[in-house]
Amino acid sequence: MDAISEILNAAGSGIMWFTNHMMELYYDIEVCFKRNLDMNTLLHIYWYLFLIEFPRYYLLEIIVGVWYKLTTRRRRRLETQARMVLFSENPLVSILVPGRNEGKNIYKLAMSLREQTYGNYEIIVVDDGSDDATPLICRDMEKNGFIDLYLRLNDRGGKAGAANMGARYARGKYVVHLDSDSSLDRDALEKVLLPFYMDSRIKAVGGCIKVRNADATICTSLQALEYLKTIMVGRMVVNHLGIYHIISGAFGAFERETLMKVGMWDIGPGLDGDITQKIRKAGYKIWFANEAICLTNVPTTWFGLYRQRRRWARSLVRFRVRKHKDILLPNRNWSLLNWLSNMESILYDCVFNYMWFYYILSLLFTYTDRLLEIMVVGWLLRFCFSLVAFGVIMMVTERRREELRLAKYLPLSTFYTGYFLRLTRMIGYTTEFFFFNSFRDEWNPRKTSVWAQAEESAGSEKISQK
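The structure reproduced in this document is the subject of the present report. (Residues numbered from 1 in each chain as written. Predicted model: local features only at pLDDT ≥ 70, side-chain atom pairs only at ≥ 80, totals over all residues. Heavy atoms only, no water.)

1. With respect to the environment of F319
- On the secondary structure map, F319 appears in helix α12 (residues 302-323).
- Under the relative-accessibility criterion, F319 is labelled buried at 4%.
- F319 sits 23 residues away from N342 along the chain, and the two C-alpha atoms are 9.7 Å apart. (Helix = DSSP H or I, 4+ residues; strand = E, 2+ residues; numbered from the N terminus. Buried < 20%, exposed > 50% of the residue type's maximum accessible area, 1.4 Å probe, protein only.)

Shown next, in the form of structure tokens:
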């Protein structure tokens, strides 16, 4: 009996201890949220979220997402008319696939293209100095009719040089640029061509890129979630505002005549944003086809992702701040939409990124005693916003059931996009501003980087003289 009494007393003491601590925890949480969630405190502490992030990355996306659903019937009617004209004209489309050591992917790509609802195309593979079995694979595929033309640069010249070589041999009215590790939905080629027949001013169309290897690692799953928000929804927003500013090299379509007029792709590091800027500056209209779906593989490791995004950040500085800075200057060819397109990217991707760093430092030094609770409440607010953003994704995506499973990664998205990507971009921007590191990136051959840097310097001098 004494043993039982001791056990009961110990159990009672444990229950009392647990209850008291839970009450204390509840009280601490209540106090935490009361002093961090009143309106004045919200605006004072979380001003970056409410004044900078919310209007651009949440409010605008909600508005555009709702508008997209409300205008579905009108859009389908225009697409039906455009489809009739497209299939009536049946223009030849030249599909360019530039790459290096990509022979292992070419067969899969060619097979996926055979399933397209639009069939009048030619496939041109350009080998950028591969040192593996790519030449043997591609020559065999050309011989057996899987691809229409195989071209080879014996001396590596970079992806832009390879794309230009293929464009010179292209016979189609439209040129579609594809990465070799991409695969298209069955109607993707058709849907990326429709905008050309919906508005004659459109001369270039970007497809919607989604992640194929989303299940490989947590890293790829978070990228899949990011692509849905920043590419599928984010580019819908800038497209509707008329400031869409980058056609992805993984899947983009161009009127061949316009491509030749603007001088095709400039050699050197980076080419996606550059060709888009050149077409905009020439006075043509570009469009984002959010239903033309291309699946691509993304880096599976954090270091691989870091290197990729650091390179992308350098390209932003190189193209938007340096090479095409004339868009920001008043001249006779000045365009408000082009100015807004560049400024939106420079401000939100670059300037506000440094402002975020200042914001975090100010929190560290101002609220040292309650920093943890501020970070927890901030995470909770962003998580709530991310749920709303995911609702917009589900509203416009064509893969609801497949992509709904990504919702479980929403609690981690704040750390991924809010910290990892921001710090990575800041490193990329800083090294490019001060050290011009994009011209030393191994992704591009050294000789073309040297040439591109000399061309950029000459162009900057001309702009300064004007």
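2. Observations regarding unusual backbone geometry
- Backbone geometry places N101, a non-glycine residue, at a positive phi of 55°.
- With respect to the helices, strands and loops of the structure, N101 is situated in the loop between β1 (93-99) and α5 (103-113).
- One non-glycine residue, M264, lies in the positive phi region at around 55°.

3. Observations concerning the sheet that holds strand β7 (residues 251-255)
- Spatially, 8 strands are ordered β3-β2-β1-β4-β7-β6-β8-β5 in an open sheet, and the strand pairing comes out mixed. Edge positions in the sheet fall to β3 (149-153) and β5 (183-184), since each has one partner strand and no second.
- Of the strand pairs in this sheet, strand β2 (residues 121-128) and β3 are connected by 5 bridges, and their pairing is parallel. Counterpart to V126 in the pairing with β3 is L151.
- The strands touched by helix α9 (residues 218-241) within the sheet are β6 (202-211) and β8 (285-296), with β6 carrying the most contacts at an inclination of about 155°. (Pairing = 2+ DSSP bridges. Contact = heavy atoms within 4.5 Å. Axes fitted to C-alpha atoms, helices over the stretch in contact; angles between N-to-C directions.)

4. Remarks on the environment of N213
- Counting through the fold element by element, N213 comes out in the loop between β6 and α9.
- Once the C-alpha coordinates of N213 and N297 are considered, the two residues, 84 residues apart in sequence, prove to be 5.5 Å apart.
- With sequence-adjacent residues up to four places away left out, N213 is seen in contact with T220, T296, N297, V298 and T300.
- Of the polar contacts made by the side chain of N213, one reaches the backbone oxygen of V298; its length is 3.0 Å. (Polar contact = N/O pair within 3.5 Å; in protein donor to acceptor, adjacent residues only side chain to side chain.)

5. Quick notes on the pattern of salt bridges
- On inspection of all chains with the given rule, the structure shows 30 salt bridges.
- Across the pair R76 and E79 runs a salt bridge whose closest N-O atoms are separated by 2.9 Å. Separated by 3 residues within a single helix, R76 and E79 lie in helix α4 (residues 72-89), roughly one turn from each other.
- Accessibility expressed as a relative area gives 33% for R76, which makes it partly exposed.
- Between K323 and D274 there is a salt bridge whose closest N-O contact spans 3.1 Å. Taken together, the residues K323 in helix α12 and D274 in helix α11 (residues 272-281) connect sequence positions 49 residues apart. (Salt bridge = Lys/Arg side-chain N within 4 Å of Asp/Glu carboxyl O.)

6. Description of the side chain of S345
- Looking at the secondary structure, you find S345 in helix α13 (residues 336-366).
- Judged by its relative accessible area of 1%, S345 falls in the buried class.
- Leaving out residues up to four positions away in the same chain, S345 has contacts with H245, L316, R320 and C350.

7. Points about the packing of helix α3 (residues 47-70) against helix α14 (residues 371-396)
- At a minimum axis separation of 9 Å, α3 and α14 run at an interaxial angle of 20°. Between α3 and α14, the angle falls in the class roughly parallel. By crossing handedness, the relation of α3 to α14 is classed as left-handed. Across from L49, F50, E53, F54, Y58, E61, I62, G65, V66, Y68 and K69 in α3, the residues of α14 making contact are L381, R382, F385, S386, V388, A389, V392, M395 and V396. (Parallel < 35°, antiparallel > 145°, perpendicular 65-115°, else oblique. Left-handed = near helix turned anticlockwise from the far one by under 90°.)

8. Topic: a nonpolar patch on the surface
- Among the surface-exposed residues, F357, L361, L364, F365 and L423 lie close enough to one another that they form a single nonpolar patch of about 470 Å² accessible area.
- Residue contributions to the nonpolar patch peak at 4 residues, all from α13.
- As for its placement among the helices and strands, L423 is situated in helix α16 (residues 410-435). (Patch = residues over 30% accessible without salt bridge, like charges linked within 9 Å, V, L, I, M, F, W, Y side chains within 5 Å. Areas by Shrake-Rupley, 256 points an atom, 1.4 Å probe, with all protein chains shown as cover.)

Shape descriptors only; they carry no functional weight alone.
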